[in-house]
Amino acid sequence: MIGVVSIMRYKYCPKCGGTLSLNENRDISKPVCTSCGFIFYQNPSVGVMGILIRDGKVLLGKRRQGSFKGQWCFPGGYVEWDEDVYEAARREFVEETGLNITITTIYTLLSDYGCIYDQFRSIHNLEQQNVIIWFLVKEIDGKLVAGDDIEEVEFFSFNEVPVLAFPTHDIVLKKLKDEHLIL
Ligand SMILES: [Zn+2]
């Protein structure tokens, strides 16, 4: 289902500057340029998160800036244009934690705006919708040190985890606990 906030996020065509309008013959999330006919596909962004568990504790990072400053999250970020998702996961992980990792497996996939998370919709920024690929990872080498937009990194058991920035991170944390992957 398309939410109200996802309609007409943009007004002008990125190709010619013409006015975008909704073509009623098409899906409502695909505005069409009234000048050149360009279809503006509005798709969620793809993100990657790494789950590193050491002695039953999971590695989290404290956010340095932005609206979630001071809250914690799993290490990860957005896949860049032309970047492989596995490479993106490794890059984000080393940027934020200093650790080089290898991907063990895909743990889960979540859309952070999805209807099954309706209870969270009020606190999510629906203007920025993401599909997140969650990887279980193993550390290879490196030195644990916070970097990029993370100012602190630390391993936590379930009961020690501080306030997390994003509801989907809470979901994954609980899944890890329920499946006895963390203490
Ligand atoms: Zn145009």
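Residues numbered from 1 in each chain as written. Predicted model: local features only at pLDDT ≥ 70, side-chain atom pairs only at ≥ 80, totals over all residues. Heavy atoms only, no water.

## Observations regarding the nonpolar core
Here's step 1: Grouped together as the largest cluster of nonpolar side chains are 19 residues, with contacts concentrated most on Val-48, Leu-52, Leu-59, Phe-93, Ile-103, Phe-135 and Val-137.
Here's step 2: Here Val-137 is in contact with Gly-50, Ile-51, Leu-52, Phe-93, Ile-101, Thr-102, Ile-103 and Thr-104, once residues within four sequence places are set aside. (Core = buried A, V, L, I, M, F, W, Y, C linked by side-chain atoms within 4.5 Å. Buried < 20%, exposed > 50% of the residue type's maximum accessible area, 1.4 Å probe, protein only. Contact = heavy atoms within 4.5 Å.)

## Looking at the side chain of Ser-157
Here's step 1: Positionally, Ser-157 belongs in the loop between strand E9 (150-156) and helix H2 (167-178).
Here's step 2: For Ser-157, a relative accessible area of 12% translates into the label buried. (Helix = DSSP H or I, 4+ residues; strand = E, 2+ residues; numbered from the N terminus.)

## A short note on a nonpolar patch on the surface
Here's step 1: Nonpolar side chains collect at one region of the surface, where Tyr-86, Ile-106 and Leu-109 lie side by side and expose about 280 Å² of accessible area between them.
Here's step 2: One can find Leu-109 in strand E7 (residues 99-111).
Here's step 3: In this structure Leu-109 comes out as exposed when scored by relative accessible area, which is 53%. (Patch = residues over 30% accessible without salt bridge, like charges linked within 9 Å, V, L, I, M, F, W, Y side chains within 5 Å. Areas by Shrake-Rupley, 256 points an atom, 1.4 Å probe, with all protein chains shown as cover. Salt bridge = Lys/Arg side-chain N within 4 Å of Asp/Glu carboxyl O.)

## Thoughts on H2
Here's step 1: With twelve residues, H2 should reach 16 Å at 1.5 Å per residue; the first-to-last C-alpha distance of 17 Å fits that figure.
Here's step 2: Here H2 has its buried residues at Pro-167, Thr-168, His-169, Val-172, Leu-173 and Leu-176.
Here's step 3: Close packing links the buried residues of H2 with strand E3 (45-54), strand E4 (57-63), strand E5 (72-73), E7 and strand E8 (130-142).
Here's step 4: Directly beyond the C-terminal end of H2, a positive phi value near 60° is found at His-180. (Expected span 1.5 Å × (residues − 1).)

## Notes on the confidence of the model for the protein
Here's step 1: In this model, the protein carries a mean pLDDT of 88, and residues with pLDDT of at least 70 account for 84%.
Here's step 2: Below pLDDT 50 for its whole length, residues 1-6 participates in ten contacts with residues either more than four positions away or in separate chains. (pLDDT = per-residue confidence, 0-100.)

## Notes on the pattern of salt bridges
Here's step 1: Using the criterion set out here, one finds nine salt bridges in the structure.
Here's step 2: Lys-174 is the salt-bridge partner of Asp-178, the closest N and O atoms lying 3.0 Å from each other. Placement of the pair is Asp-178 and Lys-174 together in helix H2, with a separation of four residues, close to one helical turn.
Here's step 3: Judged by its relative accessible area of 46%, Lys-174 is partly exposed.
Here's step 4: Through salt bridges with shared partners, a single network forms among Glu-83, Arg-91, Glu-92 and Glu-95.

## Things to note about helix H1 (residues 85-97)
Here's step 1: Across its 13 residues, H1 extends 18 Å between first and last C-alpha, which sits within 8% of the 18 Å expected from 1.5 Å per residue.
Here's step 2: All buried positions along H1 are accounted for by Ala-88, Ala-89, Arg-91, Glu-92, Phe-93, Glu-96 and Thr-97.
Here's step 3: Looking at the buried side of H1, the elements it contacts are E3, E4, strand E6 (76-78), E7, E8 and E9.
Here's step 4: By the N-cap criterion, in which a side-chain oxygen at the helix start approaches the backbone nitrogen of a residue two or three places on, H1 is capped by Asp-84, the distance to Tyr-86 being 2.8 Å.
Here's step 5: Looking at the residues trailing H1, positive phi occurs at Gly-98, about 80°. (Polar contact = N/O pair within 3.5 Å; in protein donor to acceptor, adjacent residues only side chain to side chain.)

## As for the coordination of the zinc ion
Here's step 1: Taken together, Cys-13 (SG), Cys-16 (SG), Cys-33 (SG) and Cys-36 (SG) make up the protein donors of the zinc ion, found 2.3 to 2.4 Å from the metal.
Here's step 2: Classification of the site at the zinc ion as tetrahedral follows from its four donor atoms and the range of 99 to 115° in their angles at the metal.
Here's step 3: In terms of primary sequence, the donors binding the zinc ion are separated according to C-x2-C-x16-C-x2-C.
Here's step 4: A residue is classified by how much of its surface remains accessible, and Cys-16, at 42% relative accessible area, is partly exposed. (Donors = N, O, S within 2.8 Å, 3.2 Å for Na, K, Ca; no water. Tetrahedral: all angles 85-135°; square planar, octahedral: opposite > 155°, others 65-115°.)

## As for unusual backbone geometry
Here's step 1: We note that Asp-82 has phi near 75°; this positive angle belongs to a residue other than glycine.
Here's step 2: Summarising the element assignment, Asp-82 is placed in the loop between E6 and H1.

## Let's talk about the packing of aromatic side chains
Here's step 1: Enumeration over the complete set of coordinates arrives at six aromatic pairs.
Here's step 2: On the numbers, 6.4 Å between centres and 90° between planes, the contact of Phe-38 with Phe-40 is edge-to-face.
Here's step 3: With a relative accessible area of 26%, Phe-38 lands in the partly exposed category. (Phe/Tyr/Trp six-rings, centres within 6.5 Å; stacked < 30°, edge-to-face > 60°.)

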